[in-house]
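Architecture and fold: a report
Here's the letter readout for the chains.
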Amino acid sequence: MYAKIIGGNRIEGEAVLQGSKNAVLPMIAASVLCRGEVRIEHCPAISDVRELLTVLSKTGAVCELKDGVLTIDASDAVPFSIDREQAKKTRGGVLFLGAFLGRFHEAGIAYPGGCVIGERPIDLHCAVLRKLHVVLTETSEGVYGKGRPVGERVELSYPSVGATENAVLAAVCAKGRTELLGAATEPEITELCRFLNKAGAVIHGIGTNYLVIDGVSELHGVTYRLSGDRIVAGTYMAAAAITGGEVVLRGAEDVCMDGILPVLQAAGTQIRREKDLLVVTGNDRVLAVPYIKTAPFPAFPTDMQSQILALLSMADGDSVVCETVFESRFAVVPELCKMGADILSEGQCAVVHGVRQLHGADVKAADLRGGAALLLAGLAAEGETKVYGYEYIARGYEDICGLLKRLGADIMRMEDS
Ligand code: UD1
């Protein structure tokens, strides 16, 4: 599948913001800890969600995603090991490690493997679970864990989002109290903790990097409404910015835009919050931003880095963007350069020399956010752009072509001939 765009139209109008991908994925894993129905509202219909539901249903859990409402009943779930094929399809599968240990006191998953944005090892996940007294055996294929997690004082050596989530998932039904120091503080972790507490978990310090978790024997059913996806919001804001348009995002009341708004504002975008709305107005010209560095929350998120590269490629002047979270997140640079961007990446940093106009080209997405960045460039480019590898984009964006079309873009999703 690919997206075909004829660039040059302003992105203007109102859109409803989808629910957060990175919040719902750990909740799907968490559902295996719940006896009773889990109901997650405002769930995005994206392929990453579908992949995790496929894994979860292998435990015998009953899952349904309909009209934005995800229901899961894992009351009768039985242990299941995630094989290599499944692990390759979705990195989120690694979150079942902590959740399965909490529920079944055993878990087996094949290594998720590297991907284009970096190696993505799971050593921190394993280290924290071992500290919770789980016996983990690693083979060349994957990891097998056995034992009920037991509470402990654990310090993470780096605030990994996934390792924090796995630790929390293992700790909520552990024996005794877990103290988690140096935890990641991304809003998606806050959401996961709120969801778990609503389901009967006892987590203190939510939103901070010091979480105290008192283990309970099991969780119960819960209804939870997901907040808007901050990275999707940032992407549509960048679409308004790169085309000099204006977008009103509805359903954005809970969305945490820390780290993202200052960068978009520095690039000349005007942003207003009104109740549940985010109103974003692009400038005639994008302004260069001298220095941007990605880092864990509340800094500028790595998941917005590619989209910002696309935006700054049309800025008035030079910008420098440094990536400190994933080592290989500049795969989009040569593709943007095919469209006339002038970007030089070396090591952790990219120097973006803004050009007045991009031109259409055939380009290929190699990851989710890189794909979104290419769509943004295509919206602003002169002529026709084809973005191949649309499957990557569909992992995290719900009907992005349809939404951009409704906002005035000349864009179509095409099947490969
Ligand atoms: C999550 C997000 C992803 C986001 C990232 C950073 C989900 C589903 N995905 O990914 O969109 O880009 O946070 O905000 O929520 N690392 C290790 N060993 C480990 C774990 C991580 O070395 O055991 C390294 C990674 O290779 C990477 C860095 O730590 O360089 C950050 O990774 P992490 O915070 O764990 O990201 P994810 O949870 O994979």
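Refer to the structure printed above.
In this report, the structure presented in the accompanying data block is examined. Because the structure is predicted, anything quoted here is derived from the model rather than measured. Residue indices begin from 1 for each chain and proceed along its sequence in written order. This being a predicted model, a pLDDT of at least 70 is required before a residue's local features are given, and a value of 80 or more before pairs of side-chain atoms are given or counted; all residues contribute to the totals for chains, interfaces and linings. The side-chain quantities take in all heavy atoms of the structure and omit both hydrogens and water.

Considering the overall build of the protein chain
When its secondary structure is counted, the protein chain shows 14 helices and 25 strands. Based on C-alpha atoms, the radius of gyration is set beside the globule rule, defined as 2.2 Å times the residue count to the power 0.38. Taken over the C-alpha trace, the protein chain has a radius of gyration of 21 Å; the compact-globule value for 417 residues is 22 Å, and the two agree within 12%. Relative accessibility under 20% of the residue-type maximum defines a buried residue, over 50% an exposed one, and the middle range a partly exposed one, all with a 1.4 Å probe and only protein chains included. In the protein chain, buried positions account for 57% of the 417 residues. Taking the intrachain contacts of the protein chain between residues at least 6 apart in sequence as the baseline, contacts between residues at least 24 apart amount to 73%. Accessibility throughout is a Shrake-Rupley quantity obtained with a 1.4 Å probe, and a residue counts as covered only by protein chains that appear here. Total accessible area on the protein chain is roughly 15,900 Å²; 50% of this is exposed by carbon and sulfur atoms. Counted as positive: Lys and Arg. Counted as negative: Asp and Glu, with His and the chain ends omitted from the count. For the purpose of locating charges, the reference atoms are NZ of Lys, CZ of Arg, CG of Asp and CD of Glu. Side chains of the protein chain give 41 positive and 52 negative charges; the mean places of these two sets differ by 3 Å. For the purposes of this entry, the term helix denotes a DSSP run of H or I that reaches at least four residues, the term strand denotes a run of E that reaches at least two, and both are numbered from the N terminus. In this analysis, two residues are considered to be in contact whenever any of their non-hydrogen atoms come within 4.5 Å of each other.

Details of the layout of surface pockets
Roughly 280 Å³ of volume is contained in the second largest pocket. Residue lining of the second largest pocket: 19 residues in total, with Ile242, Thr243, Asp284, Met314 and Gln357 positioned closest to the centre. Contributions of two or more residues to the lining of the second largest pocket are made by helix 8 (230-243) and helix 12 (368-380). No other element matches helix 8, which puts three residues into the lining of the second largest pocket. The way it works is a 1 Å grid over only the protein atoms, where trapped points that fit a 1.4 Å probe form a cavity and open points with protein on both sides within 12 Å along at least five of seven lines form a pocket, and then any residue with an atom within 4 Å of a point lines it. Grid points are joined across faces, edges and corners, and a volume is the space filled by probe spheres set on the points.

Section: the sheet that holds strand 9 (residues 153-155)
A sheet is described by the order of its strands in space; here four strands give the open sequence 9-10-12-11, paired in mixed fashion. The strands lining the two open edges of the sheet, one partner per strand, are strand 9 and strand 11 (202-204). Strand-to-strand, the axes of this sheet are offset by a mean angle of 20°, without reference to chain direction. DSSP bridges decide pairing: two strands pair if at least two such bridges lie between them. Here five bridges tie strand 10 (residues 177-181) to strand 12 (residues 210-214), and the two strands are oriented antiparallel to one another. Considered in strand 12, the bridge of Glu179 is made with Val212. Only the contacting stretch of a helix is used when fitting its axis, a line to C-alpha atoms as for every element, and angles between N-to-C directions run 0 to 180 degrees.

Things to note about the site of the ligand
Residue proximity to a molecule or strand is established when one non-hydrogen atom of the residue lies within 4 Å of it. Around the ligand sit 18 residues in total, of which Asp123, Leu124, Ser160, Asp303 and Val325 are the nearest. Asp123 is positioned with one of its side-chain polar atoms (N or O) 2.6 Å from a nitrogen atom of the ligand. Whenever two N or O atoms come within 3.5 Å, that pair is a polar contact, provided that in protein one can donate a hydrogen and the other can accept it, and provided that, for residues adjacent in sequence, both atoms are side-chain atoms. Between the ligand and Gly162, the relevant distance is 2.8 Å, taken from an oxygen atom to a main-chain nitrogen or oxygen of the residue. When isolated, the ligand has an accessible area of 740 Å², and the protein chains bury 85% of it. The element contributing the most residues to the shell around the ligand is helix 5 (residues 123-131), with three residues. Considered class by class, the residues forming the shell around the ligand number eight nonpolar, five polar and five charged. Asp, Glu, Lys and Arg are counted as charged, while Ala, Val, Leu, Ile, Met, Phe, Trp, Tyr, Cys and Pro are counted as nonpolar; the rest, among them Gly, fall into the polar class.

Observations concerning helix 7 (residues 187-198)
Multiplying 1.5 Å by the helix residue count minus one yields the expected span of that helix. Between the first and last C-alpha of helix 7 there are 17 Å, a value that for 12 residues agrees with the 16 Å anticipated at 1.5 Å per step. Within helix 7, nine of the 12 residues are buried, which leaves it mostly tucked inside the rest of the structure. Regarding helix 7, the residues found buried are Pro187, Glu188, Ile189, Thr190, Glu191, Leu192, Cys193, Phe195 and Leu196. Looking one or two residues beyond helix 7, the residue adopting positive phi is Gly200, at roughly 110°.

Some thoughts on the state of the cysteines
Two cysteine sulfurs form a disulfide in these notes if their separation is within 2.5 Å. All chains considered together, the criterion is met by one disulfide. Residue Cys322 pairs covalently with Cys349 via a disulfide, S to S 2.1 Å. Between Cys322 and Cys349 the disulfide shows an S-S torsion of about 105°. By sign, it is right-handed. In this pair, Cys322 is assigned in strand 20 (residues 318-322) and Cys349 in strand 22 (residues 349-353), connecting sequence segments 27 residues apart. We classify Cys322 as buried; its relative accessible area is 4%. Residue Cys349 is classed as partly exposed on the basis of its relative accessible area of 25%.

Observations regarding the packing of aromatic side chains
Aromatic rings from Phe, Tyr and Trp, with only the six-membered ring used for Trp, were paired whenever their centres fell within 6.5 Å, and each pair was classed as stacked if the ring planes differed by under 30 degrees, edge-to-face if by over 60, and tilted otherwise. With the rule as written, the count across this model stands at four aromatic pairs. Taking 5.5 Å as the distance between ring centres and 55° as the angle between the ring planes, the aromatic pair formed by Phe100 and Phe104 counts as tilted. You can see Phe100 and its partner Phe104 sitting in helix 4 (residues 96-104), four residues apart, about one turn around the helix. Judged on exposure class, the residue Phe100 and its partner Phe104 are both buried. Counting every residue linked through ring pairs, the aromatic cluster contains Phe96, Phe100 and Phe104.

Considerations on helix 5
For helix 5, the set of buried residues is His125, Cys126, Val128 and Leu129. Looking straight down helix 5, one finds that the buried residues subtend no more than 170° of arc, so they occupy a single side. One or two residues past the end of helix 5 sits His133, with phi positive at roughly 65°. Directions from the helix axis toward the C-beta atoms define the arc.

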